[in-house]
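Breakdown of the fold
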Amino acid sequence: MFESLTDRLSGTLKSITGQAKLTEDNIKDTLREVRRALLEADVALPVVKAFVERVRERAVGQEVSRSLSPGQQFVKIVQQELEAIMGEANEALSLKSTPSVVLMAGLQGAGKTTSVAKLARFLREREKKKVLVVSADVYRPAAIDQLETLANEVEVDFFPSTSAQQPVDIAQAAIKHAKIQFHDVVIVDTAGRLSVDQAMMEEIQALHGAVSPDETLFVVDAMTGQDAANTAQAFHEALPLTGVILTKADGDARGGAALSVRHVTGKPIKFMGMGEKVDALEPFHPDRVASRILGMGDMLSLIEEAERSVDQGKAEKLAKKVKKGNGFDLEDFREQLQQLKKMGGMGGLMGKLPGMGQMAEAAQGPGAEKELGKLESLINSMTPKERRKPEIISGSRKRRIAAGAGLQVPDLNRLLKQHKQMQKMMKKAGKKGGMQKMMRDMGGGMGGPGGPGMGGSGMGGGRGGGFPRR
């Protein structure tokens, strides 16, 4: 998401960052480019106008002229105004009742049912809530079965319903059941339509009145661009929305919906769906998203992801092993590859690193993930002894391993070469002051997709890996 906007804005702002003095002229030219970049990213016109005007007012004011580096101050203003448009800070769900009811609204195809499952998993895993999900969608074929399947996948309770029932009756019965079973949260999936229509709005208004939800979340597809803002406006007028879930954000390179929806509805974007998997839901942090848009990365989200995904015990075990000088074998390499996959793969990781630019974009494609898969297949094709002692792999062993993985001997040679480089890095890191020396040797750079810079450079997290505790 935001790739094209990031490219345009970072290129535009680069020209002004080094300016010793800002004038009406160079501000005007830059703002014209910023305006064009936002419009091309499918940001709604009223939002673009308001944004550009706010930046202009601040840029020609005292806060820039008195700054020691006006160009950098200008970029900071752009970042702050991006944050302001998207809502200043993340707003958590307000779950006050027992059980709390969350009502999901949106058009058909926006990803409501999948978002119900993602949100249920989020609440169960991160908030330690007992969650019940129910489908009040009595129109779409198999909607109820789909939610039941997803509920089993994310390990939350499912309340059965049928297409012969009324949506209000379904929701009320689910809430009654939740009270008896001491559920903390009930998430109600509602029917969508292919477009906004009166019957749909009247039905969901009746449902809202009957269940009095703590949260009424509007689910909108980021891929619909400016239409997302128009649909959001229609739902905002019909329902007292409390927040927005932006879905399919990983598939929209422009990102205009994220910048438009908040401005149009006045309601916060609370979550962002970043893929089809049931764990692909992130709390929406405007400051972090603004940082990503301007190509500055998102280290906080990366650290949080590491803390959630990484097995701390294994990370510490590896750190101790390296410290003792026991090397870094192919079992350890495979473990690091698996940790990387848990963190969203190469693309997900590099997209959050500052200054990755085109390299991050390249890593988003299927090629990088395929390369990681090849490495893992080759290691899986080895015997335990070969993984522990790669130096014994030669001749016939190479041919056997490559054939077992469905690959060629040169693929295996590349893997062994990469592993050898990483082994040297780990050896340096294990010595006193080694991590700092290793980073100096690397020149602060990162390896390319599938290269030595990522797979094993201490993606262990916590005390044993590359990320600090907060």
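Everything that follows concerns the structure shown earlier in this document.
The rules we used
- Residues numbered from 1 in each chain as written.
- Predicted model: local features only at pLDDT ≥ 70, side-chain atom pairs only at ≥ 80, totals over all residues.
- Heavy atoms only, no water.
- Salt bridge = Lys/Arg side-chain N within 4 Å of Asp/Glu carboxyl O.
- Helix = DSSP H or I, 4+ residues; strand = E, 2+ residues; numbered from the N terminus.
- Buried < 20%, exposed > 50% of the residue type's maximum accessible area, 1.4 Å probe, protein only.
- Expected span 1.5 Å × (residues − 1).
- Arc of directions from axis to C-beta.
- Pairing = 2+ DSSP bridges.
- Axes fitted to C-alpha atoms, helices over the stretch in contact; angles between N-to-C directions.
- Contact = heavy atoms within 4.5 Å.
- Phe/Tyr/Trp six-rings, centres within 6.5 Å; stacked < 30°, edge-to-face > 60°.

**Structural notes on the pattern of salt bridges**
In total, this model carries 16 salt bridges according to the counting rule given. Between E215 and K270 there is a salt bridge, with the nearest N and O atoms lying 2.7 Å from each other. Taken as a pair, E215 in strand β5 (residues 215-221) and K270 in strand β7 (residues 269-273) lie far apart in primary sequence, 55 residues in all. Neither E215 nor K270 differs from the other in exposure class; each is buried. In this structure, the salt-bridge partner of R400 is E386, at a minimum N-O distance of 2.7 Å. Taken together, the residues R400 in helix α20 (residues 396-404) and E386 in helix α19 (residues 384-388) connect sequence positions 14 residues apart. Assessed through its relative accessible area of 39%, R400 is described here as partly exposed. On the basis of relative accessibility, which here comes to 0%, the residue E386 falls in the buried class. Counted as one network, the salt bridges with shared partners bring together R54, E57, R58 and E81.

**Focus: the environment of A173**
Checked against the element boundaries, A173 lands in helix α8 (residues 167-180). By relative accessible area, which is 30% here, A173 ends up partly exposed. Between the alpha carbons of A173 and S161 there is a distance of 9.4 Å; along the sequence they are 12 residues apart.

**Some words on helix α3 (residues 45-59)**
Taking 1.5 Å per residue as the helical rise, α3 with its 15 residues ought to reach 21 Å, and the 21 Å between its terminal C-alpha atoms agrees with that figure. Of the residues making up α3, those classed as buried are V47, V48, F51, V52, V55, R58 and A59. What you see down the axis of α3 is that its buried residues fit within an arc of 135°, all on one side.

**Structural notes on the sheet that holds strand β6 (residues 243-247)**
Pairing is mixed across the open sheet formed by 8 strands, whose spatial order is β3-β2-β4-β1-β5-β6-β7-β8. For this open sheet the edge positions go to β3 (157-159) and β8 (281-283), each flanked by a neighbour on one side alone. On average, each strand axis in the sheet is tilted by 25° relative to the strand beside it, whichever way the strands run. Note that strand β2 (residues 131-135) and β3 share 3 bridges and pair parallel. In the sheet register, V133 faces β3, and the bridge partner there is F158. Contacting β2, β3 and β4 (185-189), helix α7 (residues 143-154) runs over the sheet at an angle of about 160° to β2.

**Regarding α7**
Spanning 12 residues, α7 covers 17 Å between terminal C-alpha atoms, matching the ideal 16 Å at 1.5 Å per step. Along α7, the residues classified as buried are A143, I144, L147, L150, A151 and V154. The arc that holds the buried residues of α7, viewed along the axis, is 125°, so those residues lie on one side. Of the residues in α7, the exposed ones pointing more than 90 degrees away from the buried face are T149 and N152. In this fold, the buried residues of α7 make contact with α6 (112-126), β2, β3 and β4.

**Notes on the packing of aromatic side chains**
Inspection of the entire model under this criterion finds 2 aromatic pairs. Seen in terms of ring centroids, F122 and F271 are 5.0 Å apart; in terms of plane orientation they differ by 75°. Their pairing is edge-to-face. Of this pair, F122 sits in helix α6 while F271 is found in strand β7, placing the two residues 149 residues apart along the sequence. The pair formed by F122 and F271 is uniform in burial state, with each residue classed as buried. Between the aromatic rings of F218 and F235, the centroid separation amounts to 4.9 Å while the plane-to-plane angle is 35°, which identifies the pairing as tilted.

That is the geometry; function is a separate question.
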